[in-house]
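# Coordinates in review
Okay, here's what each chain looks like letter by letter:
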Amino acid sequence: MNTKIFDKNFNKNNISIKTILSLIKEYNTPFWLYCAENIKNKILQLKKFDIIRFAQKSCSNINILKLMRYEGVKVDAISLGEIERALIAGYNPKNINDIVFTSDVFEKHTLKRIISLNITVNIGSIDMLHQLGKISKNHNIWLRINPGFGNGYNKKTNTGGENSKHGIWYEDLKKSVFLIKKYNLNLIGIHMHIGSGVNYKHLQKVCDSMLLNVLQPYMPKIDIISAGGGLPIPYKKTDSIVDTNHYFNLWDKTRNILSNFFKKNIKIEIEPGRFLVAESGILICQVCAIKIIKNKRFVLVNIGFNDLIRPVMYGSYHYISAISSKGRDMSNDYKIKTIIAGPLCESGDIFTQLENGEINFFMLPKVNIYDYLIFHDTGAYGSSMSSNYNSRPLIPEILIENNIPKLIRRRQKIEELINLELC
């Protein structure tokens, strides 16, 4: 039997069918599976940057965060919960770069915790400057600037321009600097990010906007500029692979100009999420039912959009492969048009759909009940966006490192959901 699973173009983690089957036997389906070596290789591709900061919203498991910290990667947090996760993972707020809180608002308890730990804040609104400045003098901050334009593979991932809620509008930069001086806040750096997915023309536009906004006589001497994140990964065979060297070189030219202007060394930070973890993850589930409705073949599995929401929310594509219930790799089998759906009481609980919600087909082997399907490249915005919709418990997460599987989140129990409501 071929021990390597999946189409060779998507066998990104070098995991064997034998390993998959042993994990199915031990933990049952469905579950998430991550490959630590894949994550480490992705980190190495970005080593030219002075600071790599993981956008933990993409995959916030504490054990993944520990892996990132061990590899020298810093962390971004966008909520009180993500701050606490980072602390448990061993990040130290006394190290100025370890944790940065990025948001457009302060919630009461979050602000209190940030001040008590002296966590650096990436400011996304004028109101945040007032709220922080009035009660925490000399606090270390970044400014996140909305340059007036945006980009993204989906309109919901566009984080710049007049329709985006993110960042301080570029025309308010001078006012922001005035408030920073008024409140004696310590401006460390400028952050500029316009959306997920790299278009090099747009990237050059961001670099130019960084220079235009920062090369101002009223601007304090900063230490760092952030290139944001949003680096894409190839979900499809036809998708291009991002040129991380070209990406770095564009920002390096920008950095050199700023260093000359401020007469000091400026560092470059990059803040990837998807790029570091997406390809490390797969989602394993089982076929529960098959329906033929007119000429359409529906394969129903034991995961729903409460587990993996990207196809429903964004029309996102994930390659799907199959293993028979007897453990046979089906990647070379004849493929037929298939609609793959989940068990939720929602018509939209379909994994093969387009951005506009139109049903799409996936060319899948002719699977039977009890066969297994594997959703590829689900390490980012998979588990971290899961929910308990339809009162479905969260599923396990498993990390393989040095060929040793480790359970990093157990299966949630229904009793745990119910107990929250027995006040």
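Along each chain, residues carry numbers from 1 onward, in the same order as the chain's sequence is written. The model is predicted, so local features are restricted to residues of pLDDT at least 70 and side-chain atom pairs to those at 80 or more, both for listing and for counting; the totals for chains, interfaces and linings are taken over all residues. Remark: hydrogens and water are excluded; side-chain values derive from all non-hydrogen atoms of the structure.

### Description of the packing of helix α3 (residues 62-70) against helix α4 (residues 80-88)
Viewed as axis vectors pointing N to C, α3 and α4 meet at an angle of 60 degrees, and their least axial separation amounts to 9 Å. The angle between α3 and α4 places the two elements in the oblique class. In this structure, α3 crosses over α4, and the sense of that crossing is right-handed. Packed against α3, whose contacting residues are Ile 62, Leu 65 and Lys 66, the element α4 presents Arg 85, Ala 86 and Ile 88 at the interface. Residues were grouped as follows: Ala, Val, Leu, Ile, Met, Phe, Trp, Tyr, Cys and Pro as nonpolar; Asp, Glu, Lys and Arg as charged; and all remaining residues, including Gly, as polar. Here the contact of α3 with α4 is built from residues that sort into four nonpolar, no polar and two charged. Fitting a line to C-alpha atoms yields each axis, with helices limited to the stretch in contact; the angle taken between N-to-C directions then spans 0 to 180 degrees. Note on conventions: DSSP H or I runs of at least 4 residues are helices, E runs of at least 2 residues are strands, and numbering of each starts at the N terminus. Should an angle fall under 35 degrees it is called roughly parallel, over 145 degrees roughly antiparallel, and 65 to 115 degrees roughly perpendicular, with every other angle called oblique. Each crossing is labelled by how the near helix is turned from the far one, with a counterclockwise turn of less than a right angle marking it left-handed and a clockwise turn marking it right-handed. Note on contacts: a residue pair qualifies if any of its non-hydrogen atoms lie within 4.5 Å across the two residues.

### Looking at the pattern of salt bridges
Here a salt bridge means any side-chain nitrogen of Lys or Arg lying within 4 Å of a carboxyl oxygen belonging to Asp or Glu. Under the counting rule described, the total for this entry stands at 15 salt bridges. Among the salt bridges present, the one from Glu 401 reaches Lys 40, with a minimum N-O distance of 2.9 Å. Remark: Lys 40 occurs in helix α2 (residues 36-44) and Glu 401 occurs in strand β17 (residues 397-401); sequence separation between them is 361 residues. Remark: exposure states derive from per-residue accessible area (1.4 Å probe, protein chains only) relative to the maximum for the residue type, with buried under 20%, exposed over 50%, and partly exposed in between. Residue classification places Glu 401 among the partly exposed positions, given a relative accessible area of 28%. Taking the relative accessible area as the measure of exposure, Lys 40 reaches 19% and is therefore buried. With a shortest N-O distance of 2.9 Å, Arg 255 and Asp 50 are connected by a salt bridge.

### Digging into the pairing of strand β6 (residues 140-146)
Burial within β6 is extensive, with seven of its seven residues counted as buried. What you see with β6 is no split at all: Asn 140, Trp 142, Arg 144 and Asn 146 on one side and Ile 141, Leu 143 and Ile 145 on the other are buried throughout. Strands qualify as paired when DSSP identifies two bridges or more between them. Relative to β6, strand β5 (residues 120-123) runs parallel, the two sharing three bridges. Counterpart to Val 121 in the pairing with β6 is Ile 141. Once you follow β5 into helix α6 (residues 126-133) and on to β6, the crossover reads as right-handed. Direction of pairing for β6 relative to strand β8 (residues 186-191): parallel, over a ladder of five bridges. Within β8, the residue paired with Leu 143 across the bridge is Ile 190. Relative to strand β7 (residues 168-169), β6 runs parallel, the two sharing two bridges. Its bridge partner lying in β7, Ile 145 is registered against Ile 168. Consider the strands pointing away from the viewer: the crossover is right-handed when the path from the first strand over the helix to the second runs clockwise.

### Looking at the confidence of the model for the protein chain
Every residue is assigned a pLDDT by the predictor, reflecting its confidence on a scale from 0 to 100. When pLDDT is averaged along the protein chain, the result is 92, and 93% of the positions lie at 70 or above. The low-confidence segment residues 1-6, where pLDDT is below 50, has 24 contacts with residues more than four positions distant or belonging to other chains. In the model, residues 152-160 has pLDDT below 50 throughout and makes 32 contacts with residues more than four positions away in sequence or in other chains.

### What to know about the nonpolar core
The biggest cluster of nonpolar side chains holds 96 residues, and the ones touching the most others in it are Ile 64, Met 68, Ile 123, Leu 143, Trp 251, Leu 373 and Phe 375. Beyond its immediate chain neighbours, meaning those up to four positions away, Leu 373 contacts Leu 283, Ile 284, Cys 285, Val 287, Val 299, Val 301, Ile 320, Ser 321, Ala 322, Ile 340, Leu 364 and Val 367. Ranked by size, the runner-up nonpolar core spans 14 residues in total, among them Leu 23, Ile 24, Ile 374 and Ile 398. In plain words, nonpolar cores are sets of buried Ala, Val, Leu, Ile, Met, Phe, Trp, Tyr and Cys residues tied together by side-chain atoms within 4.5 Å.

### Some thoughts on the packing of aromatic side chains
Any Phe, Tyr or Trp ring, taking Trp's six-membered ring, that has another such ring centre within 6.5 Å forms a pair; planes under 30 degrees apart are called stacked, those over 60 apart edge-to-face, and the others tilted. A full pass over the atoms with the stated rule returns nine aromatic pairs. Measuring from centroid to centroid gives 6.2 Å for Tyr 317 and Phe 362, while their planes differ by 40 degrees, and the two rings are tilted. Placement of Tyr 317 in the loop between α11 (310-314) and β13 (320-323) and of Phe 362 in strand β15 (residues 362-365) is noted, with a sequence separation of 45 residues between them. Counting every residue linked through ring pairs, the aromatic cluster contains Phe 49, Tyr 247 and Phe 248. A positively charged side chain is recorded as over a ring if its NZ (Lys) or CZ (Arg) lies within 6 Å of the ring centre. The angle to the ring normal must also be within 35 degrees. When the ring centre of Phe 275 is taken as reference, the NZ or CZ atom of Lys 42 above it lies at 4.3 Å. Lys 337 extends its terminal NZ or CZ atom over the ring of Phe 361, reaching a point 5.6 Å from the ring centre.

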